[in-house]
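One letter stands for each residue in the lines below.
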Amino acid sequence: MPATPLTSAELAQALTHLPGWAVEDGKLTAAFKADRSALPALYAAVAAAEDVANHHAEVQILYGTIGFALNTHDAGGAITALDTAMAARLTTLASEHGARPAEG
């Protein structure tokens, strides 16, 4: 059974609990800054968490920044509770690895 897209109200509520996350081009996005030497371990933790959840983000690493974009392919590319749950997990992992939300 495919995941159900979040309503605008549900997404707005979820974003209140996801500092640094926003909706951009129909995806839930965020970027975190960290010391470049911390990014490989952070990415390894992210990959492991994605595999456990069977839900994967688009990841971009550039200099001291790691960026994420989430949506659910099984929901036609919409944002679902799977994405907000993964965003919360990624935020926790970033914090555990010394990364902080990047400024706009």
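Quick caveat, the model's predicted, so the values are computed rather than measured.

1. Side note on the nonpolar core
Here is step 1 of the chain: Residues Trp21, Leu28, Phe32, Leu42, Phe68, Leu70 and Leu90 are the most contacted members of the largest nonpolar core, which totals 22 residues.
Here is step 2 of the chain: Secondary-structure elements contributing two or more residues to this core are strand S2 (27-33), helix H2 (39-53), strand S4 (65-70) and helix H3 (81-96).
Here is step 3 of the chain: For this core, the leading source of residues is H3, giving 5 residues.
Here is step 4 of the chain: Each residue touching Leu90, except ones within four places of it in the same chain, is listed here: Trp21, Val46, Ala57, Phe68 and Leu70.

2. Focus: the environment of Ala53
Here is step 1 of the chain: Tracing the backbone through its elements, the reader meets Ala53 in helix H2.
Here is step 2 of the chain: As for Ala53 and Met86, which are separated by 33 residues in sequence, their C-alpha atoms are 8.0 Å apart.

3. Some details on the packing of H2 against H3
The packing of two helices is summarised by the inter-axis angle and the distance between the axes.
Here is step 1 of the chain: Contact geometry for H2 and H3: axes closest at 10 Å, N-to-C directions at 155 degrees. Looking at the two axes, H2 sits roughly antiparallel to H3. The crossing of H2 and H3 is right-handed. For the pair formed by H2 and H3, the contact residues are Leu42, Ala45, Val46, Ala49, Glu50 and Ala53 on the first element and Met86, Arg89, Leu90, Leu93 and Ala94 on the second.
Here is step 2 of the chain: A per-class count over the contact of H2 with H3 returns 9 nonpolar, no polar and 2 charged.

4. Section: H2
Here is step 1 of the chain: In this model, H2 (15 residues) spans 21 Å end to end at C-alpha, consistent with the 21 Å of a helix rising 1.5 Å per residue.
Here is step 2 of the chain: Along H2, the positions that sit buried rather than exposed are Leu39, Leu42, Val46, Ala47, Ala49 and Glu50. Taken end-on, H2 shows its buried residues confined to a sector of 165 degrees, consistent with a single buried face. Exposed residues on H2 whose side chains face more than 90 degrees from its buried face are Pro40, Asp51 and Val52.
Here is step 3 of the chain: Residues of H2 that are buried make contact with strand S3 (58-62), S4 and H3.
Here is step 4 of the chain: Trailing H2 by a residue or two, Asn54 shows a phi angle of about 50 degrees, which is positive.

5. Observations regarding the side chain of Asn71
Here is step 1 of the chain: Examined against the element boundaries, Asn71 turns out to sit in the loop between S4 and H3.
Here is step 2 of the chain: By relative accessible area, Asn71 is classed as buried at 11%.
Here is step 3 of the chain: Residues within four places of Asn71 in sequence aside, it is in contact with Gly26, Lys27, His55, Gly77, Ala78 and Asp83.

Cut-off values and rules
Residues numbered from 1 in each chain as written. Predicted model: local features only at pLDDT ≥ 70, side-chain atom pairs only at ≥ 80, totals over all residues. Heavy atoms only, no water. Core = buried A, V, L, I, M, F, W, Y, C linked by side-chain atoms within 4.5 Å. Buried < 20%, exposed > 50% of the residue type's maximum accessible area, 1.4 Å probe, protein only. Helix = DSSP H or I, 4+ residues; strand = E, 2+ residues; numbered from the N terminus. Contact = heavy atoms within 4.5 Å. Axes fitted to C-alpha atoms, helices over the stretch in contact; angles between N-to-C directions. Parallel < 35°, antiparallel > 145°, perpendicular 65-115°, else oblique. Left-handed = near helix turned anticlockwise from the far one by under 90°. Nonpolar A, V, L, I, M, F, W, Y, C, P; charged D, E, K, R; others polar. Expected span 1.5 Å × (residues − 1). Arc of directions from axis to C-beta.

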